[in-house]
Amino acid sequence: MPNFQVDLQGVVELLSHNLYSGPRVFIRELIQNALDAITARQNLGEEARSAAPAPEIIIQARGNSLSISDNGIGLTETEAQSLLATIGASSKRDELGLGRSDFLGQFGIGLLACFLVSDQIKVTSRSARDPQAQTILWQGNADGTFQISTATEARAEAGTTVELESRPGGHWFDFAQVIQLVKHYAKYLAVPITVVGPEHQEMVSQQPFPWHEGQVRRENWCRENFGYSPLDTFEISVPAAGLEGLAYVPESRVSPNAQAHQIYLRGMLVNEEQRNLLPTWAPFVRVIADAQYLRPLASREGLFEDELLETVRTQIGEQVRDWLKKLGQFAPQKFATFLKEHAIALKAVAAEDASMRELVVNNLPLETSEGMLTLTEAMATQETVCYTRTVEEYRSLNEVARAQNICLINGGYAYEEAIITAWIQDTGADLSLLDPVKLLGRMEPVTASEEAQATDLIFLAQELLNDRELQVVIRRFEPATVPCLFLPDANYAAQVVDRRGRQAAQGAWAQALGALNAPSENHNQRFVLNRNHSIVTRLCALEDLNRAEILLKALWVQCLLSGHHPMNAQDRTWASETYRHLLAMTLPEDASGSDWPPNENEGENDAL
Ligand SMILES: Nc1ncnc2c1ncn2[C@@H]1O[C@H](COP(=O)(O)OP(=O)(O)OP(=O)(O)O)[C@@H](O)[C@H]1O
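Given the structure is predicted, the values throughout are model-derived calculations rather than measurements.

The next thing to look at is the overall build of the protein. Helices and strands together make up the secondary structure of the protein, namely 22 helices and 22 strands. Each of the 608 residues in the protein was classed as buried or not, and the buried ones make up 34%. When contacts within the protein are restricted to residue pairs at least 6 apart in sequence, long-range pairs at least 24 apart make up 66% of them.

The next subject is the domain arrangement of the protein. Segmentation of the protein into domains returns domain 1 (8-203), domain 2 (210-332) and domain 3 (449-489 + 524-608). The C-alpha centroid of domain 3 is placed 89 Å from the C-alpha centroid of domain 1.

In terms of burial, strand β1 (residues 57-61) is a largely internal element, four of the five residues being buried. Strand direction decides the pairing type here: β1 and strand β7 (residues 193-196), joined by four bridges, are parallel. Across the sheet, residue Gln-60 finds its bridge partner in β7, namely Val-196. Bridge analysis of β1 against strand β2 (residues 65-70) gives five bridges, and the strand direction is antiparallel. Note that in β2 the partner of Ile-58 across the bridge is Ser-69. In this structure, the hairpin formed by β1 and β2 is closed by a connection of three residues, where Gly-63 is found at a positive phi of approximately 85 degrees.

According to UniProt, the feature "binding site: ATP" (unreviewed entry) maps to Glu-29, Asn-33, Asp-70 and Thr-160 in the numbering used here. In summary, the annotated positions, though distributed over 132 residues, converge in three dimensions, the widest C-alpha pair being only 14.2 Å. If we ignore the near neighbours within four places in the chain, the residues touching Asn-33 are Gly-105, Gly-110 and Leu-111. Note that Asp-70 resides in strand β2. Excluding residues within four positions of it along the chain, Asp-70 makes contact with Ala-34, Ala-37, Ile-38, Ile-57, Gly-159 and Thr-160.

Right, let's talk about the site of the ligand for a bit. Looking at the ligand, there are 22 residues lining it, with Ala-37, Ser-90, Ser-91, Gly-105 and Gly-110 nearest. When contributions to the shell around the ligand are tallied by element, the ones reaching two or more residues are α2 (25-42) and α4 (77-84). At four residues, α2 tops the list of elements feeding residues into the shell around the ligand. By residue class, the composition of the shell around the ligand is nine nonpolar, ten polar and three charged.

On to the nonpolar core. Judged by nonpolar contacts, the single largest core of 138 residues is most densely connected at Ile-31, Val-178, Val-182, Ile-193 and Met-268. Considering every element that reaches this core, the biggest residue donor is α2, with nine residues. Once residues within four sequence positions are removed from consideration, Val-178 is found in contact with Ile-27, Ile-59, Ala-61, Leu-66, Phe-173 and Val-195.

With respect to topology, five strands assemble into an open sheet ordered β9-β10-β13-β11-β12, the strand pairing being mixed. A strand with exactly one partner marks an edge of an open sheet, and here the two such strands are β9 (230-238) and β12 (268-274). Averaged over neighbouring strand pairs, the angle between their axes works out to 15 degrees when direction is ignored. As judged from the four bridges shared by strand β11 (residues 261-265) and strand β13 (residues 286-291), these two strands associate in the parallel manner. Residue Ile-263 lies in a different strand from β13, and its bridge partner there is Ala-289.

Right, let's talk about the packing of α2 against helix α5 (residues 175-186) for a bit. Between α2 and α5, the least distance of the axes is 9 Å, while the angle of their chain directions is 60 degrees. When the axis of α2 is compared with that of α5, the two are oblique. The chirality of how α2 crosses α5 is right-handed. Every residue of α5 that contacts α2 at Ile-27, Arg-28 and Ile-31 is listed here: Val-178, Leu-181, Val-182, Tyr-185 and Ala-186.

All right, on to the confidence of the model for the protein then. Predicted confidence across the protein gives a mean pLDDT of 86, with 89% of residues reaching 70 or more. For the stretch residues 496-522, pLDDT sits under 50, and the model shows 14 contacts to residues farther than four places along the chain or on other chains. Note that residues 601-608 has pLDDT below 50 and, in this model, four contacts with residues that lie over four places away or in other chains. Quick note on the complex model: pTM equals 0.73, ipTM equals 0.98.

Among the structural elements, Phe-527 can be located in strand β22 (residues 526-530). Judged by the 23 C-beta atoms lying within 10 Å of it, Phe-527 falls in the buried class. Between the alpha carbons of Phe-527 and Ile-474 there is a distance of 8.4 Å; along the sequence they are 53 residues apart. Ignoring anything within four residues of it in the chain, the contact list for Phe-527 reads Ala-461, Leu-465, Leu-470, Val-472, Cys-484, Phe-486 and Trp-556.

Moving on, we get to unusual backbone geometry. Residue Glu-478 is joined to Pro-479 through a cis peptide bond whose omega torsion reads -5 degrees. Structurally, Pro-479 is set in the loop between β20 (471-476) and β21 (484-487). With a phi angle near 45 degrees, Arg-266 is a residue other than glycine that sits in the positive phi range. Within the fold, Arg-266 resides in the loop between β11 and β12.

One can find Asp-571 in helix α21 (residues 569-586). Once the C-alpha coordinates of Asp-571 and Ala-154 are considered, the two residues, 417 residues apart in sequence, prove to be 100 Å apart. Residues in contact with Asp-571, not counting those within four places in the same chain, are Val-557 and Leu-560.

Helix α13 (residues 416-427) packs onto helix α10 (residues 354-363) with a crossing angle of 110 degrees between their chain directions and a minimal axis gap of 11 Å. On the basis of their axis angle, the class for α10 and α13 is roughly perpendicular. Of the residues in α13, those in contact with Ala-354, Arg-357, Val-360 and Val-361 of α10 are Ile-419, Ala-422, Trp-423 and Asp-426. Split by residue class, the contact of α10 with α13 holds six nonpolar, no polar and two charged.

Calculation rules
- Residues numbered from 1 in each chain as written.
- Predicted model: local features only at pLDDT ≥ 70, side-chain atom pairs only at ≥ 80, totals over all residues.
- Helix = DSSP H or I, 4+ residues; strand = E, 2+ residues; numbered from the N terminus.
- Buried ≥ 20, exposed ≤ 12 C-beta atoms within 10 Å, placed from the backbone.
- Contact = placed C-beta atoms within 7 Å.
- Domains from an automatic or database assignment.
- Pairing = 2+ DSSP bridges.
- UniProt positions renumbered as here; feature names shortened; annotations may be inferred.
- Near = placed C-beta within 6 Å.
- Nonpolar A, V, L, I, M, F, W, Y, C, P; charged D, E, K, R; others polar.
- Core = buried A, V, L, I, M, F, W, Y, C linked by C-beta atoms within 7 Å.
- Axes fitted to C-alpha atoms, helices over the stretch in contact; angles between N-to-C directions.
- Parallel < 35°, antiparallel > 145°, perpendicular 65-115°, else oblique.
- Left-handed = near helix turned anticlockwise from the far one by under 90°.
- pLDDT = per-residue confidence, 0-100.

As structure tokens, then:
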């Protein structure tokens, strides 16, 4: 049966454009092969291991050519024939064809990356399996041809050398370039790598990972690599994945995009921007870690999403929670800074994640009518706790709610209502949206004679405010300094949001939204006059209904302004009238009161 034909150039094109981030990955693939060969030699057994020289990798960067030598397992002629020239063939898979966890390679394509920078790959190798093994020379070409022969010059030791020739004008094999690339991928590798240049040489691997360093160096690493000073650092470890690492929490808030982790596999860099290493609820932690057993993607530039990675995420998540707990217990000042700096990120996550919600609810103070309190503090110390959906509603009602022994929480800031409602669902806590009717129910009714005295006034106010579809009532409530109160109904916040949406919408959308969401008729709204306030007491006794009307309009306007409620055209006109009356009263000729109230028709539509 005929075999498939392979267009090598087509395959190399495919790798370079769809798999690898760029030609520079050739050096990573070569180092990984050298490292796997050293591991394979160590796997030969105790005897072979003790007879083998100390592992090392030497790279010669000569500008127009590059060679990399290892003293690993080497290749026999048969192995070279079957493994080097067959795309997809690899010696690093087990009997079931699965990648073996002690090797970095498994796909059998890595060596092809060399064709991204060279038209020729020359491999000189001597196998460590057989002391009598000959040195073989395999030469593969970008046009898809290859030759294999016995090398004219025998290697003294087992191992492999791969040589590449630069294309005209190529810069990949310059000494400085090679040093930079090797450092990038392999500076933490345990095996020594020496890069030899035309004039000097440099040892570039075997740098300690930051978790093997003292605190000062750990922090410096963070500044140099993540670009910020850490508020705190803690070690992480997931034995099931052979993972060790260091987690950094920034001193001040960082953009969510900064949640990119540095991940290494057995000392080789896989990805500097790994995203799925931590649970999404921990955007305030950035990690550098090295793992033995996580699986890389074929591109080797990310991690394969499997059960082990899921375990890593869960266990690192638990370690972040432990760190938070300890920080709260033993470093309250740092913990406070953490909460302050990362409040928005914490709240965003808490709206979705129950465990983060617990942390936020127990530790993040919210604005309440009793001062800054955490949700659990408010629930533990206050008899009745309610929340508002908007900042405006909170501002207009917090003093009055407080006086009626209701602790009011401002749920108008980002994520707060979502956290509160989710927490009520989690715990069944006795906490609800403030119902203005309930607030009204807590106010003291006036006596029958006071009610009778106020009848005309209430009737007049009802008539004046006819368009607002509200009920005017009179009660006694604290604080006595508040003469009146506008109590929107419980859906008020939703209406405000709706209204803002309609105002922001343009053209046809505005019309469509307007038709769908026409302002609803609302008879649950109340305008409450406070009989405890001296002006209201005097107003009830006032027989001059002209004056009463002016004062009622002024009270209404003041009530809207102090509660940050929206004003319509009529409210604005009344506001102008009120100011005009005030100004007229303060002028010397009007101070006698002879011309008071001033003529209603003068400057009717003047806006102040
Ligand atoms: N330095 C080396 N020493 C010994 N054998 C080598 C060396 N380099 C490559 N080989 C052999 O060539 C095979 C193919 O290498 P290649 O880099 O293409 O794929 P791989 O390393 O097996 O898998 P991956 O594509 O995941 O890197 C390897 O499996 C290995 O057997």
